[in-house]
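Single-letter residue listing:
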Amino acid sequence: MGLFDLFRSRPKNTASVAAERLRIIVMQERKADGRGSHDYLPTMRREILEVIRKYINVDADAIDIHVTHEGEGEVLELSVVLPEKPAAPPAAPAADSEDA
Amino acid sequence: MTEVIVVTSGKGGVGKTTTSASLAVGLAKRGKKVAVIDFDVGLRNLDLIMGCERRVVYDFVNVIQGECTLKQALIKDKRIETLYVLAASQTRDKDALTKEGVERVLKELEEDGFDTVVCDSPAGIEKGAALAMYFADRAVVVVNPEVSSVRDSDRILGLLSSKTRRAEQGGTGVEQHLLLTRYNPERVANGDMMGLNDVKDILGIEVIGVIPESEGVLSASNAGVPVILDEASEAGQAYADAVARLCGEERPMRFTEAQKKGFFSRIFGA
C-alpha cells in the first residue's frame, strides 16, 4: 500500500460478500440434496423400524420417511405400510406427521 | 489394514495433484509404505509433479485390463524408499476404469503390505472422480478460498457422504478433511479473500491444513520435486504440518496471519 492508496476509499469488503453468498447457496443445495440438517434421517428410520418390529412384523422397506417444506416450516412425514392379514381389509398406510 | 485416502475437489486447478504428491511423500517420509495413484485417465499429470514421467512404462489401466502386473506398473520413487507411483493412462478414456478393477488393485496393494494408498482424483464428478473416492476411508477435499471452488467442494462432500462404499455400509462414513490452498493472508486481512474460518463455517468440516500461495509451488512442479521436499518454502512446511495432522498430531496453523508491515513500507509501498 503506497502513500496515495491511504487517501483512496477502500472498496467494499468482497470476501464477506462471497462468504454470505456461499452460505445461502450451499444451504439451499444441501436441502435440495436432502443433506445438511437431516443427515440423522437414515439412522432414525432404522431405529423406528426396530421399535415397530417389536410389535408388528413389517418389511425393511415398509417405512417411508421424508421431510417436506411448507412455507416457513418443515414437516416430517412418516408412513408405515402394515402387512396384509388374510381376514383384514387391504392394509392402508398408517400415516402420521408432526412438525420436525 | 491399508488406509485409502482420496484427494479430491470438484473444481479443477485447485491443487489436487500437488497435494497428492506432497501428502504421499510426507507419509512415506514417516516410514509408511505408500502408493499414490493417478485416477485422471487421459490427462496424466502426477508423473510430472513427482518427477518420474520418463519412467512410466505401464499404467493403472494396463493393470486393470490385465496387460501387466501391478509390480511392473508401480514406479519406485528415487528419493524415498517406501514410495511408489501408479501413473494414469494417457491414451485411454475414463471408461477403462471399472469399480471391480480398482477394487482388485487396492486389494493387491493391501496384500503387498502398503500402509496408505493416496488416490489423486480428476476434477469433476464423472466416473474417474467417482471411482477415486468410492473406496476411500478418508478424504482430503482441496479448496481455494474462492466462490466456485467452495461451492464445488460442497458438492463433493455430498457425494462423499452418499456415493462411497463407507457411506453405503452405514457406520461412520468417510472421514472428511478440508485443505485450503493458494491462501493469501494479506488479501484475507484486506478483506479481498475469504478466510480460513469463513470456509470452515460454510462447509462445516475441520481443516487439516492451509497452504499459503507460494512461489515454491511452481518451482517445485517445474522441477518435478513435490513441494513438501522444499523444506525452506512456506508451502513445503505447511504440507509437512498437514501430514502431521493426518497422522493425528496436533500442530498450530502457520502462515495464516498477514505479516505486520512497518511504518516505512506502509508509506512507501511494499
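Residues numbered from 1 in each chain as written. Chains lettered and ligands numbered in written order. Predicted model: local features only at pLDDT ≥ 70, side-chain atom pairs only at ≥ 80, totals over all residues. Heavy atoms only, no water.

Draft legend 1. Focus on the overall build of chain A. Regarding its fold elements, chain A presents two helices and three strands. Mapped in sequence order, the helices and strands of chain A form the string α-α-β-β-β. On chain A, roughly 7,700 Å² of surface is accessible, and the fraction owed to carbon and sulfur atoms is 56%. (Helix = DSSP H or I, 4+ residues; strand = E, 2+ residues; numbered from the N terminus. Areas by Shrake-Rupley, 256 points an atom, 1.4 Å probe, with all protein chains shown as cover.)

Draft legend 2. Structural context of the state of the cysteines. Residue and element names in this part refer to chain B. Using the criterion set out here, one finds zero disulfides over all chains in the structure. Cys-52 takes part in no disulfide bond, and the closest cysteine sulfur to it belongs to Cys-68, at a distance of 15 Å. Note on Cys-247: no disulfide assigned, nearest cysteine sulfur contributed by Cys-119 at a separation of 17 Å. (Disulfide = S-S within 2.5 Å.)

Draft legend 3. Quick peek at helix H12 (residues 234-246) of chain B. All names here are of chain B. The end-to-end C-alpha distance of H12, which contains 13 residues, comes to 18 Å, matching closely the 18 Å that a straight helix rising 1.5 Å per residue would cover. Burial analysis of H12 places 10 of its 13 residues in the buried class, the great majority of the element. Along H12, the positions that sit buried rather than exposed are Ala-235, Gly-236, Ala-238, Tyr-239, Asp-241, Ala-242, Val-243, Ala-244, Arg-245 and Leu-246. Those residues of H12 that are buried lie in contact with strand E1 (3-8), helix H1 (16-29), strand E6 (138-143), strand E7 (175-183), strand E8 (207-212) and helix H11 (215-223). (Expected span 1.5 Å × (residues − 1). Buried < 20%, exposed > 50% of the residue type's maximum accessible area, 1.4 Å probe, protein only. Contact = heavy atoms within 4.5 Å.)

Draft legend 4. Region of interest: the side chain of Thr181(B). As for its placement among the helices and strands, Thr181(B) is situated in strand E7. Residue classification places Thr181(B) among the buried residues on the basis of a relative accessible area of 4%.

Draft legend 5. Expanded view of the packing of helix H7 (residues 147-160) of chain B against helix H10 (residues 196-203) of chain B. Residue and element names in this part refer to chain B. Two elements in contact, H7 and H10, have axes whose closest approach is 10 Å; the angle formed by their N-to-C orientations is 35°. Regarding H7 and H10, the two cross each other, and that crossing is right-handed. Residues Val-150, Ser-153, Asp-154 and Leu-157 of H7 form the contact with H10, whose participating residues are Val-199, Ile-202 and Leu-203. (Axes fitted to C-alpha atoms, helices over the stretch in contact; angles between N-to-C directions. Left-handed = near helix turned anticlockwise from the far one by under 90°.)

Draft legend 6. Structural view of the pattern of salt bridges. Scanning the model with the defined rule gives 17 salt bridges over all chains in all. For Asp154(B), the salt bridge goes to Arg30(A), with nearest N and O atoms at 2.5 Å. Residue Asp154(B) is found in helix H7, and its partner Arg30(A) is found in helix H1 (residues 14-33); the two belong to separate chains. Accessibility expressed as a relative area gives 1% for Asp154(B), which makes it buried. Judged by relative accessible area, Arg30(A) falls into the buried class, the value being 18%. For Glu111(B), the salt bridge is made with Lys107(B), and the minimal N-O distance between the two is 3.7 Å. You can see Glu111(B) and its partner Lys107(B) sitting in helix H5 (residues 99-111), four residues apart, about one turn around the helix. Residue classification places Glu111(B) among the exposed residues on the basis of a relative accessible area of 57%. (Salt bridge = Lys/Arg side-chain N within 4 Å of Asp/Glu carboxyl O.)

Draft legend 7. Structural context of the pairing of E6(B). Residues and elements named next belong to chain B. Most of E6 is tucked away, with six of its six residues classed as buried. Side chains of E6 alternate between two faces, with Arg-138, Val-140 and Val-142 and Ala-139, Val-141 and Val-143 buried alike. Relative to E7, E6 runs parallel, the two being bridged by six bridges. Bridging across to E7, Arg-138 finds its partner in Glu-175. (Pairing = 2+ DSSP bridges.)

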